[in-house]
There are 2 protein chains.
Amino acid sequence: MATLAEVAKHAGVSPSTVSYVLSGKRSISDSTRVRVQAAIDALGYHPNAGARALASSKSHIVALVVPLRTDLYVPVMMQIAIAVTTTARQYGHDVLLITNDEGPEGVRRVAGSGLADGVILMDVELEDERVEVLRRHGTRASLIGLPADPAGLSCVDLDFAAAGATAADHLADLGHHEIAFIGQSEGVYRRHTGFAERTLAGFQERCQTRGLRAVHRPCDASFEGAAGVLARIFEDRPDTTGLVVQNEAMIAPLLGLLRSSGRTVPEEVSIVAIGPDEPVAVQTSPRLTTIPVPAQELGRQAVEMLLGPDAGNSGVTLLPPTLSVRESTAPAPGR
Amino acid sequence: MATLAEVAKHAGVSPSTVSYVLSGKRSISDSTRVRVQAAIDALGYHPNAGARALASSKSHIVALVVPLRTDLYVPVMMQIAIAVTTTARQYGHDVLLITNDEGPEGVRRVAGSGLADGVILMDVELEDERVEVLRRHGTRASLIGLPADPAGLSCVDLDFAAAGATAADHLADLGHHEIAFIGQSEGVYRRHTGFAERTLAGFQERCQTRGLRAVHRPCDASFEGAAGVLARIFEDRPDTTGLVVQNEAMIAPLLGLLRSSGRTVPEEVSIVAIGPDEPVAVQTSPRLTTIPVPAQELGRQAVEMLLGPDAGNSGVTLLPPTLSVRESTAPAPGR
DNA sequence: TTGTATGCGTTATCAT
DNA sequence: ATGATAACGCATACAA
């Protein structure tokens, strides 16, 4: 591995000149720049990451902390992770993957060792130990999701409350009166996962203002779970004509169950899905009306908050939900 | 940030002693070890990653190169990524995420800069430029998947040929005669993606020995794709009673289509799925008979080959397929 | 516009 | 069993 010093010798300049050619932090005459560049190419020089990190006390690495739970939908995480990685590259940074089985200790480790310049937290909980570690440590961080107290932090998330409200509105506009919210598994609510609670709150509030009768049913990620929930809904409230589903894994089973129970979508039952657009919504029949979670945008903005032009400005960014009307929603029957 | 030198002063020992307490590379009297440890705790010392990497020329980081294509099933990658990360941690390593949009250059970057000690390649193609970069560079690497020439490389993969054969066997054992293989999208085969070709080859060969009539149909990841393929299969060969599906995203649509076209599973049509077990197979109705891709095991072994006790031994590890018989396969009708 | 010299925090070699 | 100290490769403040 060639070193900067060797490049300098080869080009007949001083080491600092080579360094400045690389960093562009001071002006270099064209002639020497060319010579240096030639030497770099000739020797196949690559700056040593460790040395660079030591000298500049910047690792050019951001840590991405991902949950390893299986009860939240995986493609969203993957999309976020990829968006984070590609965006970080645009700022000359790499991404270190930290799984949450290390807990807060993982965050302490990467922050304390200077391994990462900044940390991105996914799947933030309302009271999150990792956030405390970051605060104490003074590490630059950005969160995807909202903790109970976001003071001094950079956070970005979908405005799930608005998403819930939008779903209710859409069904109300179509003349539905009895609707049901099929949510995540109970554990998610028990952990007080922010996004789930906010969606539900926004949904319920809007149902009230619009005069809709609504029920909430958590749903385990299994065929039985879906079957049980669905049966219960139509037993308790046979006149239910609208479903809001925030449980992407259950979309396919749900559609199958509705079909085999003889309820047509959207003629008899309308469905609005809150979740990832990509894999599921467009592969179903009928195609789903959705309020997509903008995974890519979340990842991008998280990095932007960390490394972008006005990094350091703490604050909460709530992305407005969008409604993609497809084929799974229609006017309520008998209207 | 406390430094090693400060810890040394605080403990009244020399810097090297502290270093050796940390690394355990030479014997230390209990008394000083305790004093040093106390100083470490008192100052909240964490070794600086950059300095450590510079001095030891080991970053304790492995790079994981993930594809960003959307036509291969995402959960498998996520499972592999997580397995890689947790296993790497057991060896005291972290994982750097590299997306394949950087191409071979990304590999060159992390290897050349010493950012990573080793590289794990996912979604390896038969002729893979990245492999050449690694070879030239002499970087330690392990591949998940098989290149055309694996000489000198550590590779691990599911034995997809055996998997294809196992699927054929299972259907043959059940008395099926006309069967169809629903594969990945055409692009995957055009790129000569190893696993797809090997599965198909193993399948076709075994069909021949067992006297089965078989057709292969690539399938795009869309509802229309599934519908078209299915229609074509039953038009060309109305007596088809067995389906082998290696396209996890299409499982749900396929089941839906079969149901709405009045073909019952498994009474009239049997289905064997080759793909991830977790999310899809157990959420369907009926539950799918599968030959699972052991994502976790693949990730674990890839790390093991890189960092484990006998790392450096190049060689190809083909994991034997397993067959999970569930509810989607039954004896051929009329037997 | 370019060169010189020092320091970054560890590891590891050589002493003792 | 422990201490001194020279690398490690680069960035940057200071000179010229």
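Let me sum up the structure you'll find in this document. This structure is a prediction, so every number in the text was calculated from the model and none was measured. (Residues numbered from 1 in each chain as written. Chains lettered and ligands numbered in written order. Predicted model: local features only at pLDDT ≥ 70, side-chain atom pairs only at ≥ 80, totals over all residues. Heavy atoms only, no water.)

### Notes on the protein's contact with DNA strand D
Test applied: Note on terminology: near, applied to a residue and a molecule or strand, indicates that one of the residue's heavy atoms is within 4 Å of it. Pairing of N or O atoms within 3.5 Å defines a polar contact, subject to two protein rules: one partner must be a possible hydrogen donor and the other a possible acceptor, and residues neighboring in sequence count only if both atoms are side-chain atoms.
Inspection of the region around DNA strand D gives 26 residues, with A:L4, A:Y45, B:T17, B:S27 and B:T32 positioned closest. Near the protein, meaning within 4 Å, the atoms of DNA strand D are sugar or phosphate in a fraction of 58%, with bases accounting for the rest. The separation between a phosphate oxygen of DNA strand D and a polar main-chain atom of A:L4 is 2.4 Å. Between DNA strand D and the protein, one listed contact pairs a phosphate oxygen with a backbone N or O atom of A:N48 at 3.2 Å.

### Remarks on the sheet that holds strand β4 (residues 140–144) of chain A
The cut-off we apply is this: Pairing between two strands requires that DSSP report at least two bridges joining them. The helix and strand labels rest on DSSP assignments: H or I over at least four residues marks a helix, E over at least two residues marks a strand, and numbering proceeds from the N terminus. Convention adopted: a line fitted to C-alpha atoms gives each axis, helices being fitted over their contacting stretch, and angles between N-to-C directions are expressed from 0 to 180 degrees. Contacts are assigned to residue pairs with any non-hydrogen atoms lying within 4.5 Å of each other.
Here we have 12 strands laid out as an open sheet, ordered β11(A)-β5(A)-β4(A)-β3(A)-β1(A)-β2(A)-β2(B)-β1(B)-β3(B)-β4(B)-β5(B)-β11(B), and mixed in their pairing. At either margin of the open sheet sits one strand with a lone partner, and together these are β11 (315–319) of chain A together with β11 (315–319) of chain B. The mean inter-strand angle of the sheet, taken between neighbouring strand axes irrespective of direction, is 20°. Bridge count for β4(A) against strand β5 (residues 154–158) of chain A is three bridges, and the pairing is parallel. Counted as the bridge partner of A:I144 is A:V156 from β5(A). The strands touched by helix α14 (residues 295–307) of chain A within the sheet are β1 (61–66), β3 (118–121), β4, β5 and β11 of chain A, with β4(A) carrying the most contacts at an inclination of about 160°. Packed on one face of the sheet, helix α14 (residues 295–307) of chain B meets β1 (61–66), β3 (118–121), β4 (140–144), β5 (154–158) and β11 of chain B and runs near 160° to β4(B).

### What about the protein's contact with DNA strand C?
The criterion, for reference: When residues are sorted by character, Ala, Val, Leu, Ile, Met, Phe, Trp, Tyr, Cys and Pro go into the nonpolar class, Asp, Glu, Lys and Arg into the charged class, and all the rest, Gly among them, into the polar class.
Around DNA strand C there are 27 residues in total, and A:T17, A:S27, A:T32, B:L4 and B:Y20 lie nearest to it. Backbone atoms, meaning sugar and phosphate, form 54% of the atoms of DNA strand C found within 4 Å of the protein. For DNA strand C, a phosphate oxygen lies 2.7 Å from a polar atom in the side chain of A:S29. For DNA strand C, a phosphate oxygen lies 2.5 Å from a polar atom in the backbone of B:L4. At the level of secondary structure, the elements contributing two or more residues to the surface near DNA strand C comprise α2 (15–23) and α4 (49–56) of chain A together with α2 (15–23) and α4 (49–56) of chain B. The leading source of residues in the surface near DNA strand C is α4(B), at four residues. Per-class residue counts for the surface near DNA strand C are 10 nonpolar, 13 polar and four charged.

### Remarks on the relation of the copies chain B and chain A
Filter applied, for reference: When the copies are superposed, the least-squares fit draws on C-alpha atoms of residues that have pLDDT of at least 70 in both.
Least-squares fitting of chain B to chain A yields an RMSD of 0.2 Å, with the superposition described by an axial translation of 0.1 Å and a rotation of 180°. In the structure described here, the two chain copies are related by an operation that fits a two-fold rotation axis. In this assembly, 100% of the residues forming the interface of chain B have copies in chain A that are likewise at the interface, indicating an isologous arrangement.

### A few points about the environment of B:Q208
All names here are of chain B. Selection criterion: Only protein chains enter the accessibility calculation, which uses a 1.4 Å probe. A residue is then buried if its area is under 20% of the maximum for its type, exposed if over 50%, and partly exposed in between.
By secondary structure assignment, the location of Q208 is in helix α10 (residues 194–210). On the basis of relative accessibility, which here comes to 66%, the residue Q208 falls in the exposed class. It is 9.6 Å that separates the C-alpha atoms of Q208 and A168, two residues lying 40 residues apart in sequence.

### Quick notes on helix α6 (residues 104–112) of chain A
Of all nine residues in α6(A), seven are buried; the element is thus mostly enclosed. When α6(A) is considered as a whole, its buried residues turn out to be A:P104, A:G106, A:V107, A:R109, A:V110, A:A111 and A:G112. On its buried face, α6(A) sits against β1, β2 (94–99), β3 and α7 (129–137) of chain A together with α5 (74–90) and β2 (94–99) of chain B. Positive phi appears at A:G114, one or two residues downstream of α6(A), with a value of about 70°.

### Here's the deal with the interface of chain B and chain A
The line we're drawing: Accessible surface is computed with a 1.4 Å probe, and the buried area is the amount of it that two parts give up when combined, taken over both parts together. By definition, a salt bridge exists where a carboxyl oxygen of Asp or Glu is found within 4 Å of a side-chain nitrogen of Lys or Arg.
Of the residues lining the interface, 49 residues belong to chain B; the matching set on chain A comes to 51 residues. When the two sides are added together, the surface that chain B and chain A hide from each other amounts to roughly 4100 Å², 65% of it contributed by carbon and sulfur. Together, B:M78, B:L97 and B:Q283 form the three largest contributors to the area buried by chain B at its contact with chain A, with a combined 16%. Counting every contact that joins chain B to chain A gives six salt bridges. Across the pair B:R109 and A:D94 runs a salt bridge whose closest N-O atoms are separated by 2.7 Å. Broken down by secondary-structure element, the contributors of at least two residues to the side of chain B that touches chain A are α4, α5, β2, α6 (104–112), α11 (223–236) and α12 (251–260) of chain B. It is α5(B) that contributes the most residues to the side of chain B that touches chain A, nine residues altogether.

Purely geometric numbers; function is a separate question.
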